[in-house]
Amino acid sequence: MASERKATLIIEGREPVDFDILSPVHGNDCIDIRTLAAKTGLFTYDSGFMSTASCQSKITFIDGDKGELLYRGYPIEQLAEKCNFLEVAYLLKTGELPNPKQKVEFETIIKKHTMIHEQMARFYQGFRRDAHPMAVMVGVVGALSAFYHEAEDFSDAEHRSISFNRIIAKLPTIVAFAYKYSMGEPFMYPRNDLDYTANFMYMMFGTPCEKYEPNPVLVHALDTIFTLHADHEQNASTSTVRLAGSSGANPYACISAGIGCLWGPAHGGANEACLKMLEQIGDVSRVPEFIKRAKDKNDPFRLMGFGHRVYKNFDPRAKLMQKVCSNVLEELGLENDRLFKLAKELERIALEDEYFVEKKLYPNVDYYSGIVQKALGIPTTMFTCIFALARTVGWMAQWEEMITDSEYKIGRPRQLYVGTPRRDVRALAER
Ligand code: ACO
């Protein structure tokens, strides 16, 4: 990053102050204001991080205007076509794609960690059967920190690597167990003869009564979904993981915090909300009514799966997801699926509507992912768990990057206080 260029801050009645302008490899230049408070006594106010880079990162880059997403420099389209999810996980973790030997080694390590502690399996019994599986995930993943705390020294790179592998390996088991628990079905223990995603489908849909062989087309589709969700720069949940981790907290606790954040309908919960919305619309004839509602300032209704803070042209993941959706529906003989047709029509109409065009609102990754997952047999409440499973790879890579950043500091935002001015407490009888 070069810093020859300066930005000058001029405040009436004060000496001008210079700040370095940092140039990234891709993306917007950044004014380095870290010394602002020390030099001027001023803070900046940017509550939704509209103009603030919270860290430097080498992992993922998004060009919102071009609709481009790169993991470690590689376009998402190429990764989705040429690599499986574990290769992408290796890439996000190490910075490079694995060669054939490294790929086999990595897969073998991950397979060795797929089981969870038997006591952890009993932990599920404490939840109500109707608990939302995201609530179960927040609890169970957070509880991993109780199983692997003393044993791991997170200042040691080797220990951090083990915890990365461990959590990536266990997440499918944890998610599948949450599903089985909600169904009242027995847990299916991992099968290490299967690949990562096929094994996950086996643990989700297999039962002890019947032989279950995962369909390779559907496995490939779910694997692609994982790849598309693996990382996405400094979004709300990733920033949550980084902020939690900046205190030196146990990574499993940090991932649990990220899962909690992802759950919200404005973030990872959008795929669940989107499918509910499509059900609510019900028929193509009602699309104009809902488009009208989405545009009404007095109506809280929004088109779920539409809009993105960064993508202002298109979300490349949404395009890939639409393709995955078509493939899955074709494989299952559901080409005429009512919701898929409705979703395509809603997308077509919204993209022609002046309101959506003007505000640059396009379908995001969550728009079609609910339809695909429903077709795969995944219940609506599990959608965000699938997202969390995949995103854990990105969260762990970002956590590792933060821990090893020489400029790493505990995250401590400042505030613009607008509350009651200082006052004195009166005795109870005088209040
Ligand atoms: N439907 C209707 N109007 C919308 C929508 C939408 N989905 N999204 C944004 N707008 C409008 C807003 O009302 C606002 O209008 P205004 O300027 O007249 O006030 C304008 O577009 C900008 O919206 P903001 O909410 O300010 O944009 P922001 O960048 O903060 O929010 C967000 C992005 C949260 C994704 C938003 O578009 C949204 O709520 N979308 C629906 C939920 C969703 O799909 N979330 C998934 C995001 S992707 C992910 O997390 C994986």
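Residues numbered from 1 in each chain as written. Predicted model: local features only at pLDDT ≥ 70, side-chain atom pairs only at ≥ 80, totals over all residues. Heavy atoms only, no water.

**Observations regarding the side chain of Glu401**
Heads up, the condition is: The helix and strand labels rest on DSSP assignments: H or I over at least four residues marks a helix, E over at least two residues marks a strand, and numbering proceeds from the N terminus. Partly exposed residues are those whose accessible area sits between 20% and 50% of the maximum for their type, while under 20% is buried and over 50% is exposed, using a 1.4 Å probe and protein chains only. The contact definition used throughout considers only heavy atoms, calling two residues in contact when any of these lie within 4.5 Å.
Assignment of secondary structure puts Glu401 in helix H18 (residues 383-403). Owing to a relative accessible area of 15%, Glu401 belongs among the buried residues under this scheme. The contacts of Glu401, once residues within four sequence positions are left out, are Gln56, Ser57, Lys58, Ile59 and Arg242.

**Section: the pattern of salt bridges**
In plain terms, the rule: Salt bridges are defined by distance alone: a side-chain nitrogen of Lys or Arg within 4 Å of a carboxyl oxygen of Asp or Glu.
Enumeration according to the criterion identifies 23 salt bridges in this entry. Taking the shortest distance from any N to any O, the salt bridge between Glu279 and Arg338 comes out at 3.2 Å. Highlighted residues: Glu279 in helix H12 (residues 270-281) and Arg338 in helix H15 (residues 338-352), separated in sequence by 59 residues. The residue Lys295 makes a salt bridge to Asp353 at a minimum N-O spacing of 2.8 Å. With Lys295 in helix H13 (residues 287-295) and Asp353 in the loop between H15 and helix H16 (354-358), this pair connects stretches of sequence that are 58 residues apart.

**Quick word on the sheet that holds strand S5 (residues 68-71)**
What counts here: A strand pair is defined by DSSP finding two or more bridges across the two strands.
Spatially, 3 strands are ordered S4-S5-S6 in an open sheet, and the strand pairing comes out antiparallel. Either end of the sheet is taken by a strand with one partner, and the two such strands are strand S4 (60-63) and strand S6 (74-75). Alignment of S5 against S6, held across 2 bridges, turns out to be antiparallel. Bridge assignment links Tyr71 to a residue of S6, and that residue is Tyr74.

**Notes on the pairing of strand S2 (residues 17-22)**
Here 4 bridges tie strand S1 (residues 6-9) to S2, and the two strands are oriented antiparallel to one another. Across the sheet, Lys6 pairs through a bridge with Asp20, a residue of S2. Bridge analysis of S2 against strand S3 (residues 30-31) gives 2 bridges, and the strand direction is antiparallel. Across the sheet, the residue bridging to Ile21 is Ile31, located in S3.

**Considerations on helix H7 (residues 157-183)**
Using the following cut-off: Here the expected span of a helix is defined as 1.5 Å times the quantity of residues minus one. Consider a residue and the seven residues that end there alongside the seven that start there; fitting an axis to each set, the bend is the angle between those axes. Within 3.5 Å is the distance limit for a polar contact, defined as a pair of N or O atoms, with the added protein rule that one can donate a hydrogen and the other accept it, and that residues adjacent in sequence qualify only through two side-chain atoms.
With 27 residues, H7 should cover 39 Å at 1.5 Å per step; its first-to-last C-alpha distance of 39 Å lies within 8% of that length. Lys170 marks the point of greatest bend in H7, at about 35°, and the proline Pro172 comes within the next four residues. With 20 of 27 residues buried, H7 lies mostly within the body of the structure. Sitting at the head of H7, Asp156 places a side-chain oxygen 2.7 Å from the backbone nitrogen of Glu158.

**Considerations on the domain arrangement of the protein chain**
Threshold: The domain limits used here are those given by an automatic or database domain assignment.
Segmenting the protein chain into domains produces domain 1 (2-53) and domain 2 (85-409). Between the C-alpha centres of domain 1 and domain 2 the distance comes to 36 Å.

**Comments concerning unusual backbone geometry**
Even without being a glycine, Glu233 presents a positive backbone phi close to 60°. With respect to the helices, strands and loops of the structure, Glu233 is situated in the loop between helix H9 (216-229) and helix H10 (236-245). Look at Lys360: it is not a glycine, yet its phi comes out positive at around 55°. Here Lys360 lies in the loop between H16 and helix H17 (366-376).

**Considerations on the packing of aromatic side chains**
Keep this limit in mind: Pairing of aromatic rings covers Phe, Tyr and Trp, the last through its six-membered ring, and needs centres within 6.5 Å; plane angles under 30 degrees mean stacked, over 60 mean edge-to-face, and all others mean tilted. Lysine and arginine charges are scored as sitting over a ring when NZ or CZ, respectively, is within 6 Å of the ring centre and within 35 degrees of the ring normal.
Enumeration according to the criterion identifies 20 aromatic pairs in this entry. On the numbers, 4.1 Å between centres and 5° between planes, the contact of Phe177 with Phe187 is stacked. With Phe177 in helix H7 and Phe187 in the loop between H7 and helix H8 (196-205), this residue pair connects regions lying 10 residues apart in the sequence. Note on accessibility: Phe177 and Phe187 belong to one class, buried. Judged by centre distance (5.4 Å) and plane angle (65°), the ring pair of Phe290 and Phe301 falls under edge-to-face. Remark: Phe301 occurs in the loop between H13 and helix H14 (316-331) and Phe290 occurs in helix H13; sequence separation between them is 11 residues. No difference in accessibility class separates Phe290 from Phe301, as the two residues are buried. Ring-pair connections join several aromatic residues into one group, and the members of that group are Phe306, Phe340, Tyr355, Phe356, Tyr367 and Tyr368. Arg129 extends its terminal NZ or CZ atom over the ring of Tyr181, reaching a point 4.1 Å from the ring centre. In this structure, Lys319 packs its charged tip against the face of Phe314, placed 4.2 Å from the ring centre.

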